[in-house]
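Per-entry structural report
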Amino acid sequence: MRYWVVGEFGSGAEAKKALGRLRELGHAKEKLDAFTPYPVEGLDEVLGLKPSPIRGFAFMAGLSGAALGYAVQWWTNAVDWPLNVGNRPLNAGPAFVPITFETMVLFAALTIFFGLMWLFRFPRPHHPLFELETFRTASTGGFWVSITTERREETEALLGALRELKARNTSVVEEAS
Amino acid sequence: MAEVEQASETPTKDPLEPAPLIEGAQSAESLTASLLRPIERKPGLIFWALLLLTLGGTGLFLLAITVTLVRGIGAWGNNIPVAWAFGIIDFVWWIGFGHAGTLISAILVLFQQKWRASVNRFAEAMTLFAVMQAGLFPVLHLGRPWVAYWLVPYPNTMSIWPNFRSSLPWDLVAITTYFTVSLLFWYLGLLPDLAAARDRASTPRGQFWYGVFSLGWTGSARHWHHWRAGYLLLAGLATPLVLSVHTIVSFDFAIAQVPGWHSTIFPPYFVAGAIFSGLALVLTLLLPVRGSLGLNHVITDKHVDILCKLLLATGMMVSYGYLQEHFFAWYSGDEYEMASYADKRTGTWAWLFWFQMFSNVLLPHVFWFKKLRTNLVVVWFAALAVDAGMWVERFSIIVPSLAHDFLPSSWEGYTPTWVDLSLLAGSMSFFGLLFLLFLKFIPAVSITEVKELHHELKEALAAKEERERTESPLREKEA
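The model shown is predicted, which means the values in this text are computed figures rather than measured ones.

Another point: the confidence of the model for chain B. If pLDDT is low for a region, its predicted coordinates should not be looked at in detail. With 96% of its residues at a pLDDT of 70 or more, chain B has an overall mean of 89. The low-confidence segment residues 1-5 of chain B (pLDDT under 50) makes 11 contacts with residues lying over four places distant or belonging to another chain.

Residues and elements named next belong to chain B. Structurally, the position occupied by Glu 325 is in helix α9 (residues 301-331). On the basis of relative accessibility, which here comes to 6%, the residue Glu 325 falls in the buried class. Separated by 112 residues in the primary sequence, Glu 325 and Leu 437 have C-alpha atoms spaced 41 Å apart. Once residues lying within four places of it in the same chain are set aside, the contact partners of Glu 325 are Gly 260, Ile 265, Phe 266, Tyr 269 and Tyr 341. A polar atom in the side chain of Glu 325 sits 3.2 Å from the side chain of Tyr 269.

With that settled, the discussion passes to the pairing of strand β2 (residues 32-35) of chain A. All names here are of chain A. A two-sided burial pattern is seen for β2, the buried positions comprising Leu 32 and Ala 34 on one face and Asp 33 and Phe 35 on the other. Pairing analysis gives 4 bridges linking β2 to strand β3 (residues 143-149), with the strands arranged antiparallel. Looking across to β3, one finds that Leu 32 is bridged to Ile 147.

This paragraph deals with the packing of aromatic side chains. Evaluation of the coordinates by the stated rule reveals 53 aromatic pairs over all chains. Between Phe 395 of chain B and Tyr 414 of chain B the ring centres are 6.4 Å apart and the planes differ by 55 degrees, which places this aromatic pair in the tilted class. Of this pair, Phe 395 of chain B sits in helix α13 (residues 376-403) while Tyr 414 of chain B sits in the loop between α13 and α14 (418-441), placing them 19 residues apart in sequence. Judged by its relative accessible area of 5%, Phe 395 of chain B is buried. For Tyr 414 of chain B, a relative accessible area of 7% translates into the label buried. Through pairs of rings, three or more aromatic residues link up here, namely Trp 93, Trp 94, Phe 97, Phe 122, Phe 129, Trp 186, Phe 431, Phe 435 and Phe 438 of chain B. Directly above the aromatic system of Trp 118 of chain A lies the positively charged group of Arg 121 of chain A, at a separation of 5.1 Å from the ring centroid. Above the ring of Phe 441 of chain B, the side-chain terminus of Lys 440 of chain B is found at 5.7 Å from the ring centroid.

The subject of this paragraph is the sheet that holds β3 of chain A. Residues and elements named next belong to chain A. Taken in spatial order, the 4 strands of this open sheet run β2-β3-β1-β4, and their pairing is antiparallel. Of all the strands in the sheet, just β2 and β4 (168-175) have a single pairing partner and so form its edges. Going across the sheet, the axis of each strand differs from the next one's by a mean of 20 degrees, ignoring polarity. Where helix α1 (residues 12-24) meets the sheet, its contacts fall on β1 (2-9), β2 and β3, and the angle it forms with β3 comes to roughly 25 degrees.

Note that Phe 130 of chain A resides in the loop between α4 (93-120) and β3. In this structure the C-alpha to C-alpha distance between Phe 130 of chain A and Val 173 of chain A, which are 43 residues apart in sequence, comes to 9.5 Å. When neighbours within four sequence positions are excluded, Phe 130 of chain A is seen to be in contact with Pro 125 and Phe 135 of chain A together with Arg 198, Gly 216, Trp 217 and Thr 218 of chain B.

Analysis parameters
Residues numbered from 1 in each chain as written. Chains lettered and ligands numbered in written order. Predicted model: local features only at pLDDT ≥ 70, side-chain atom pairs only at ≥ 80, totals over all residues. Heavy atoms only, no water. pLDDT = per-residue confidence, 0-100. Contact = heavy atoms within 4.5 Å. Helix = DSSP H or I, 4+ residues; strand = E, 2+ residues; numbered from the N terminus. Buried < 20%, exposed > 50% of the residue type's maximum accessible area, 1.4 Å probe, protein only. Polar contact = N/O pair within 3.5 Å; in protein donor to acceptor, adjacent residues only side chain to side chain. Pairing = 2+ DSSP bridges. Phe/Tyr/Trp six-rings, centres within 6.5 Å; stacked < 30°, edge-to-face > 60°. Lys NZ or Arg CZ within 6 Å of the ring centre and 35° of its normal. Axes fitted to C-alpha atoms, helices over the stretch in contact; angles between N-to-C directions.

What follows is the structure in structure tokens.
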């Protein structure tokens, strides 16, 4: 059983300040999160997030895409079925460039998209916070801060902490596991 | 309901930016509501009329495709030597339109041009639908479209592979990659907006479908963190991709020996032409749509102004391409080359060539004048003329060059058939149909980015006022 203690703030800056304060109070960064309608500058630092691994994924995928693209063209046209067209070279490097480039971009782009889906654990059409009617503003104009806990007795104190930071619409949502 | 930030006037007070990017008193909530209104309200009479019209046109498209499949390419006006005509003209024309979408959405992200926020979704949708039309033409042109998969290297019982030294497999890979990457880029940008549509939906059906397509987006800071990195990377990949796609399309011509095609200026000149035509189509579609969907507050006159300036700049690049082509035909001293270009200027299709010069070279120069850039009627007609002029450009590259190649004995005229014309008109209708459905079901303006922009403009204004407050006493002291 997990409990989500959430509160809404009026702006990204307020949410950022509240999160900073909660971290000063000793809450583990893994337990904290913010939900905002657009990316808020500086939230990553407050939450102590590491640079996204998606860059590395994309780089590796791009390299393998290019290598595979070239290898397929070379193997099919120069090795497996050498086709002599006007005595042009069988391993025609310059002619293989366009497809090599395209497969590089294709592999990298697919990896970025599906890598993000994996990082987000998507598709996940249901989230415990969606039970909360007021939480709908998170995608339109509200800035929410959440703390999770496994212990029910902690929720009251956390609610109090959020209210002290001037959060509105504070709630506790129970996540059945 | 939470107390939300107060609606406030956002226009910039910067004297260097007299026209605002977002008009009127706005807040995050009011922007979300106004940008979602077109998909929430009931469609009007105009929508149904346009839907009927485009559906009818799409029916014509299907008929023309059926005739092509049943009777073969003989149903088209193509002959020998004009083996390429409408099929390839329409293909290059449609794929060119897509490029402005990627330019606006990807290249301007890298240059951090804030104004793109209001028009990128629109332009990207245009890209996707244009590439869908473009992809159909080479496939139909194959004559036996049902074996189009022979272009893909797969282990087959015939033990043959595609010849990768030909430009046809390059086209296949370029177009499918371009479509896939554009779709992923567009959908990734769309996720937060679909979540907003889900959260504001009042009907169970709306909640369900927007819920399914938003994949469970919550707006978590951890998700935004990865999302931003991924979005920027996709923009970075799409930028060289868009340049490569039209470069590869130009190779279809440039690697051939035909006089009028075999030219090194083709790759950059095709890319510039593609962006030029795409910007014109953005303007053609944007001007009627923004008023009828109530988007005038986010797609302001400033956006039209910037797009006109871009149209002027790319128009001049295209003009340079024309100049180069004709100059090098003359400078090469090659009589076939010279004859081919002389035929374009004075031959059977000279009137089309001179229309092209008027619409693509002369007409964009009206945008030097601010008065004309802000006159929406002038802008719309000029953009429409460029759309048509760019189709004519592809015609005058393909048909006159093929009709008059090396041997006068093999010269032949060309006339399109009703199937050719129906395919062109039909593809326009199909494009219109897809675009209409897009406007009905998907937020046409990126809500997330407009809200972010609104926030940034407000911050910048506050910082500026703060600076003025602290600096003015200092100046007085100095004086």
